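# A closer look at the structure
Residues per chain, in single letters:
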Amino acid sequence: MNPFDPIKIGAKEFRNRMFMAPVKTGYGTTEGEITDRHIAYYSRRADGGVGSIIVEPLFIDPIGKEHPRQLGISNDRYINGLKKLTGAIHRSG
């Protein structure tokens, strides 16, 4: 079994067996929004060829934030930034 071989999990096929675990970057705004630094960080990892990226933890309620710059998903205002982030990751396959 080669880590560079594709793998299928359920209906999803991944280009290889290397998965990036979530990393708390602390790159978000104090309001929990995606920044250009996030886009650059995750784009570099996707360009590097990992088969899948598990994005860092997001808060679903501001009361539960783990750190001041944690990303949020508690409000629709976060959707555009998250779309931009996932789009940047997906562009690398």
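Each remark here, short or long, concerns the structure printed above.
All of the points below concern the structure found in this document. Quantities reported herein were computed from a predicted structural model and do not represent experimental measurements.

## Description of the nonpolar core
With 15 residues, the main nonpolar core has Ile34, Tyr42, Ile53, Leu85 and Ile89 as its most contacted residues. Counting only elements with at least two residues in this core, the list comes to helix H1 (36-47) and helix H2 (79-90). Ignoring any residue separated from it by four or fewer positions in sequence, one finds Tyr42 in contact with Met20, Val23, Thr25, Ile53, Val55, Glu56, Leu85 and Ile89.

## Topic: the side chain of Ser92
Here Ser92 lies in the segment after H2. Of the residues examined, Ser92 reaches a relative accessible area of 18% and is grouped as buried. Those residues in contact with Ser92, other than ones at most four positions away along the chain, are Arg15, Ser43, Ala46 and Asp47.

## What to know about the environment of Arg91
With respect to the helices and strands, the residue Arg91 is situated in the segment after H2. Here the alpha-carbon distance between Arg91 and Gln70, two residues 21 residues apart in the chain, equals 24 Å.

## Considering the pattern of salt bridges
Scanning the entire structure with this criterion turns up two salt bridges. With its nearest N and O atoms 3.0 Å apart, the salt bridge here joins Lys24 to Glu66. Of this pair, Lys24 sits in the loop between strand S3 (19-20) and H1 while Glu66 is found in the loop between strand S5 (58-59) and strand S6 (71-72), placing the two residues 42 residues apart along the sequence. For Glu66, a relative accessible area of 48% gives the class partly exposed.

## Notes on H2
Here H2 spans 16 Å end to end across twelve residues, near enough to the 16 Å set by a 1.5 Å rise per residue. Among the structural elements, H1, strand S4 (52-53), S5 and S6 are those in contact with the buried residues of H2.

## Remarks on H1
For H1, with twelve residues, the first-to-last C-alpha span of 16 Å sits near the 16 Å given by 1.5 Å per residue. For H1, the set of buried residues is His38, Ile39, Tyr41, Tyr42, Ser43 and Ala46. Looking at the packing, one finds that the buried side of H1 touches S3, S4, S6 and H2. After H1 finishes, the residue Gly49 shows a positive phi value of roughly 105 degrees.

Conventions and cut-offs
Residues numbered from 1 in each chain as written. Predicted model: local features only at pLDDT ≥ 70, side-chain atom pairs only at ≥ 80, totals over all residues. Heavy atoms only, no water. Core = buried A, V, L, I, M, F, W, Y, C linked by side-chain atoms within 4.5 Å. Buried < 20%, exposed > 50% of the residue type's maximum accessible area, 1.4 Å probe, protein only. Helix = DSSP H or I, 4+ residues; strand = E, 2+ residues; numbered from the N terminus. Contact = heavy atoms within 4.5 Å. Salt bridge = Lys/Arg side-chain N within 4 Å of Asp/Glu carboxyl O. Expected span 1.5 Å × (residues − 1).

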